[in-house]
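Structural description and commentary
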Amino acid sequence: MADFETPELFKHIHVPKPVPGSMESSGPFIAKPDHQEALGFPHELVDNWEEKAVEEMGNTLQKYRGLRVFLDSCVKCGACTDKCHYYLGSADPKNMPVGRQDLLRSVYRKYHTPAGKFLSKLGLEWLIGAKSMTREVLDDWYNYYHQCSECRRCSVYCPYGIDTAEITMAARDIMDKIGHGQKYNNEIIGKVFKIGNNLGLPEPALADTLEGLEEDIEDETGVKVELPLDREGCEILLVTPSADFFAEPHVDGLMGYAKVFHEAGVTWTLSSKASEAANFGMFIGSYENMRKISLRIREAAIDLGVKRIVFGECGHAWRVAYSFLNTLAGPFDFLDQNYPIPQHICEFTHDLIQKDKLKFDPSENDWMTLTFHDSCNVARASRMGDKPGGQFTIPRDIIKKVCNNYVDMAADTIGEGTYCCGGGGGLLTDDLMAVRVKGAMPRMTALTNVVLEDGVTHMAAICAICKSQFSKVLPYYNMGMDMIVSVHQLVSNALILTGQNSEDENEAETAKESE
């Protein structure tokens, strides 16, 4: 299947002995000039890149003072060493969070600390672990900072709260600004600017897809459920990952959103201008590009005259929406202030469930025994509802309402300490397949245990990247790619629409059509 070894699974997550250089490589594909240009970056590595990198690091330290704190605070206590899924799966010590941080910290210490500047004059900077900005260092940055999914798990266990994700974002931003960006992330951001979504789906293709889904729902239920596009004057603008228009299990979740909106009796629309919830500007640490993507959502909401914005199932999109949207693209004083701004689709559905406004037949999901994967950006960088921990309880409450068979994975592998899927942070590209498979090992261990011990057949998630990643890596661990499902796919299966055909009526209609 691949030219790398899939990690062996043990009963408990195995902490390997360090194997230096085990993940040393040239890294993912380099961005082409047009990918860089679209984002306002140099076309290729600039002539004086060493000096430029040091200068950009200084600019970044001035803008984000927390970065300096993270670089200065580490005492090498070792609390983070076994917390990164990429280290657990690869054994490369540079994938220990502290090892990855030190790639940037060593250059920082030489050029941006008093001790480093003084000792450098004496040729003694090595005493404080300081290094010059060299090609070897840049190559390490490019390789290992693209073996971090910015999941922030290590930060949960760091006694000083050092956020490795922020260090990774800073390093990627510096590399972009000296002309050494990653193809996958930058190409996708360019598609959003040009067309409106990560997949590059133009408005006619979106309209055709939505029309087909309307037909599918009507064939299934006998109820006409609309999936509107660019309809003005609706109450809700749904902003969802473009994967929801494209493939299973994502598209099944989109059908679930539509059914929920229909049964709730609200008017809603999608936007061809803002047909993407994802914001890869966060992955590359570029707040300028994060803002440009976020402003498309604001502009679409104003143009369409909506009162509310609801986000679909996407992990990092919800992190950006929850933590950054008002700062990047606010204020949203033109929206209805009686509702959360923004709101997650799970919050919307959960509220209807709490008010007993939706009817379900959970037996429709009885052929599955479910577990739930807490996506890292939802778990560690956001909240849902009005209580702490709502991002953990709300999705599970929904699943338990629409399914009769549910089992959680081991407590230390979910919730705030959840393991990443292994493909987040801009790593969901085939040229990083070895990284993705190895990084998935801890989650695959926890999943395998509940499969063997509790008969779990499927795992639900509320993140487009998680769903795509698991579809690809599950077979490497001898599990089916269709084990991963959307939470609103489960909702769709169980939801009883007003006027919906019974199963007997559907069978009769099918028989009539076949005559």
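These numbers were taken from a predicted model, which means no experiment stands behind them.

The next thing to look at is the sheet that holds strand β6 (residues 458-461). Reading across from one edge, β5-β6-β7 is the order of the 3 strands in this open sheet, with parallel pairing throughout. Taken across any chain shown, the strands that pair with only one partner, and hence form the sheet edges, are β5 (370-372) and β7 (484-486). Adjacent strand axes in the sheet meet at a mean angle of 40°, parallel and antiparallel pairs treated alike. As paired elements, β5 and β6 share 3 bridges and run parallel to each other.

A few words now on the domain arrangement of the protein chain. Each assigned domain of the protein chain is listed with its residue range as follows: domain 1 (42-180) and domain 2 (191-507). Each partner contributes residues to the interface: domain 1 has 24 residues there, and domain 2 has 29 residues. For the domain 1 and domain 2 pair, buried surface summed over both sides reaches about 2200 Å², with 54% attributable to carbon and sulfur atoms. Here domain 1 and domain 2 share 1 salt bridge between them. One salt bridge in this structure joins Glu-288 and Lys-63, with 3.5 Å as the shortest N-O distance. Here domain 1 and domain 2 share 10 residue pairs in polar contact (both at pLDDT 80 or more) between them.

Looking at where Trp-49 falls in the secondary structure, it is placed in helix α2 (residues 49-63). Linking Trp-49 and Arg-135, residues 86 residues apart in sequence, is a C-alpha distance of 9.5 Å. Beyond its immediate sequence surroundings of up to four residues, Trp-49 is in contact with Met-133, Thr-134, Arg-135, Leu-138 and Ile-178.

The strand order β2-β1-β3-β4 describes an open sheet built from 4 strands, whose pairing is parallel. Looking at the sheet topology across the chains shown, the edges are occupied by β2 (268-269) and β4 (343-344). The pairing of strand β1 (residues 236-239) with strand β3 (residues 308-311) spans 4 bridges and is classified as parallel. In the strand pairing of β3, Leu-237 is matched with Ile-309.

Before going further, it helps to examine the nonpolar core. In summary, soluble globular proteins display a tendency toward joint burial of nonpolar side chains. Within the largest apolar cluster, 122 residues are counted, with the highest numbers of intra-cluster contacts made by Phe-261, Phe-311, Leu-370, Ile-399, Leu-447, Phe-470 and Leu-490. Two domains share this core, each providing at least three of its residues, namely domain 1 (42-180) and domain 2 (191-507). Not counting residues within four places of it along the chain, the set of residues in contact with Leu-447 comprises Thr-371, Met-409, Val-456, Met-459, Leu-474, Met-479 and Met-483. Residues Leu-67, Leu-104, Ile-174 and Leu-432 belong to the second largest nonpolar core, which totals 39 residues.

Neither face of β6 is left uncovered, since the one carrying His-458 and Ala-460 and the one carrying Met-459 and Ala-461 both have all their residues buried. Handedness of the crossover is the feature at issue here: the chain leaves β6, passes through helix α21 (residues 464-473), returns alongside β7, and the resulting connection is right-handed.

Bringing the pattern of salt bridges into the picture now. When the charged atoms of two side chains with opposite charge come close together, those side chains can pair. Counting across every chain of the model gives 24 salt bridges. Between Asp-140 and Lys-94 there is a salt bridge; the shortest N-O distance is 2.6 Å. Note that Asp-140 is positioned in helix α7 (residues 135-144) and Lys-94 in the loop between α4 (85-90) and α5 (97-111), a separation of 46 residues in sequence. A residue is classified by how much of its surface remains accessible, and Asp-140, at 14% relative accessible area, is buried. Salt bridges sharing partners connect three or more residues here, namely Lys-76, Asp-102 and Arg-105.

Another point: the packing of α2 against α5. When two helices pack together, their arrangement is given by the angle between their axes and by how far apart the axes lie. With their axes 11 Å apart at the nearest point, α2 and α5 run at an angle of 90° to one another. The angle between α2 and α5 falls in the class roughly perpendicular. Packed against α2, whose contacting residues are Val-54, Met-57 and Leu-61, the element α5 presents Leu-104, Val-107, Tyr-108 and Tyr-111 at the interface. Tallied by class, residues from the contact of α2 with α5 come to 7 nonpolar, no polar and no charged.

Now for the packing of aromatic side chains. Using the criterion set out here, one finds 11 aromatic pairs in the structure. Ring centres of Tyr-64 and Tyr-287 lie 5.1 Å apart, and the angle between their planes is 40°; this geometry places the pair in the tilted category. Of this pair, Tyr-64 sits in the loop between α2 and α3 (65-73) while Tyr-287 sits in helix α13 (residues 287-304); the two residues are 223 residues apart in sequence, bridging distant segments of the chain. Tyr-64 gets classed as partly exposed once you look at its relative accessible area, which sits at 27%. Here the aromatic residues Tyr-64, Tyr-287 and Phe-324 are joined through ring pairs into a cluster of three or more. Its end group placed over the ring of Phe-193, Lys-292 keeps NZ or CZ at 4.1 Å from the ring centre.

A few words now on a negative patch on the surface. A cluster of like negative charges, contributed by Asp-208, Glu-211, Glu-215, Asp-216, Glu-218 and Asp-219, occupies part of the molecular surface. Tracing the backbone shows Glu-218 in helix α11 (residues 203-221).

The subject of this paragraph is the pairing of β3. Of the two faces of β3, the one holding Arg-308 and Val-310 and the one holding Ile-309 and Phe-311 are both buried throughout. The pairing of β3 with β4 spans 2 bridges and is classified as parallel. Within the sheet, the bridge partner assigned to Val-310 lies in β4 and is Gln-343.

Below, the discussion takes up the packing of helix α18 (residues 390-402) against helix α22 (residues 487-494). Here α18 crosses α22 at 30°, and the two axes come no closer than 9 Å. The orientation of α18 with respect to α22, classified from their angle, is roughly parallel. Both α18 and α22 take part in a crossing whose hand is left-handed. Mapping the contact onto sequence places Ile-398, Ile-399 and Val-402 in α18 and Val-487, Leu-490, Val-491 and Ala-494 in α22. Across the contact of α18 with α22, the residue classes tally to 7 nonpolar, no polar and no charged.

Right, let's talk about the side chain of Arg-105 for a bit. Relative to the elements of secondary structure, Arg-105 occurs in helix α5. At 2.6 Å, the side chain of Arg-105 and the side chain of Asp-102 are in polar contact. Filtering out sequence-adjacent residues up to four positions away, Arg-105 remains in contact with Phe-70, Leu-71, Cys-74, Lys-76, Val-98 and Ile-162.

Calculation criteria
Residues numbered from 1 in each chain as written. Predicted model: local features only at pLDDT ≥ 70, side-chain atom pairs only at ≥ 80, totals over all residues. Heavy atoms only, no water. Pairing = 2+ DSSP bridges. Helix = DSSP H or I, 4+ residues; strand = E, 2+ residues; numbered from the N terminus. Axes fitted to C-alpha atoms, helices over the stretch in contact; angles between N-to-C directions. Domains from an automatic or database assignment. Contact = heavy atoms within 4.5 Å. Buried area = accessible area lost by both parts, 1.4 Å probe. Salt bridge = Lys/Arg side-chain N within 4 Å of Asp/Glu carboxyl O. Polar contact = N/O pair within 3.5 Å; in protein donor to acceptor, adjacent residues only side chain to side chain. Core = buried A, V, L, I, M, F, W, Y, C linked by side-chain atoms within 4.5 Å. Buried < 20%, exposed > 50% of the residue type's maximum accessible area, 1.4 Å probe, protein only. Right-handed = clockwise from strand over helix to strand, strands pointing away. Parallel < 35°, antiparallel > 145°, perpendicular 65-115°, else oblique. Nonpolar A, V, L, I, M, F, W, Y, C, P; charged D, E, K, R; others polar. Phe/Tyr/Trp six-rings, centres within 6.5 Å; stacked < 30°, edge-to-face > 60°. Lys NZ or Arg CZ within 6 Å of the ring centre and 35° of its normal. Patch = residues over 30% accessible without salt bridge, like charges linked within 9 Å, V, L, I, M, F, W, Y side chains within 5 Å. Areas by Shrake-Rupley, 256 points an atom, 1.4 Å probe, with all protein chains shown as cover. Lys, Arg positive; Asp, Glu negative; His and termini not counted. Charge placed at Lys NZ, Arg CZ, Asp CG, Glu CD. Left-handed = near helix turned anticlockwise from the far one by under 90°.

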